[in-house]
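In case you want the letters, here they are:
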Amino acid sequence: MKATGQALLNLAAFVELSDDSVIDPDSAVKALEQLLADLNSGDAGEREYLKGLMRQEIGSMTERSPEQQARVDFYLDLMEQLD
């Protein structure tokens, strides 16, 4: 399950953090809104598991590049949106 959760988070971060020339911004918003709706329709244990993965990744980034900080900010925002 860890690999699946990490893959999901990596894909979500890619969609969120990619330049507009890579992914259409409107399509990215729609995809992330659907992802959030799907995640929030699952059980609380699944959401807590994903939050735990995000916390682990955030904790592993000690000296953050701007790209890593953008990912941290995305994860923090995503955690707040998961009910």
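Residues numbered from 1 in each chain as written. Predicted model: local features only at pLDDT ≥ 70, side-chain atom pairs only at ≥ 80, totals over all residues. Heavy atoms only, no water.

Draft legend 1. A look at the pattern of salt bridges. Using the criterion set out here, one finds two salt bridges in the structure. Between Lys51 and Glu48 there is a salt bridge whose closest N-O contact spans 3.4 Å. Here the residue Lys51 and the residue Glu48 both occupy positions in helix H3 (residues 44-60), the gap between them amounting to three residues, near one helical turn. Here Arg71 makes a salt bridge to Glu57, at a shortest N to O gap of 3.5 Å. Remark: Glu57 occurs in helix H3 and Arg71 occurs in helix H4 (residues 66-81); sequence separation between them is 14 residues. According to the relative accessible area criterion, Glu57 is buried, its value standing at 17%. (Salt bridge = Lys/Arg side-chain N within 4 Å of Asp/Glu carboxyl O. Helix = DSSP H or I, 4+ residues; strand = E, 2+ residues; numbered from the N terminus. Buried < 20%, exposed > 50% of the residue type's maximum accessible area, 1.4 Å probe, protein only.)

Draft legend 2. Local environment of the environment of Val15. The topology assignment puts Val15 in helix H1 (residues 2-17). Along the backbone, Val15 and Leu35 are 20 residues apart, and their C-alpha atoms lie at a distance of 11 Å. Not counting the four nearest positions on each side in its chain, Val15 is found in contact with Ile23, Ala28 and Leu32. (Contact = heavy atoms within 4.5 Å.)

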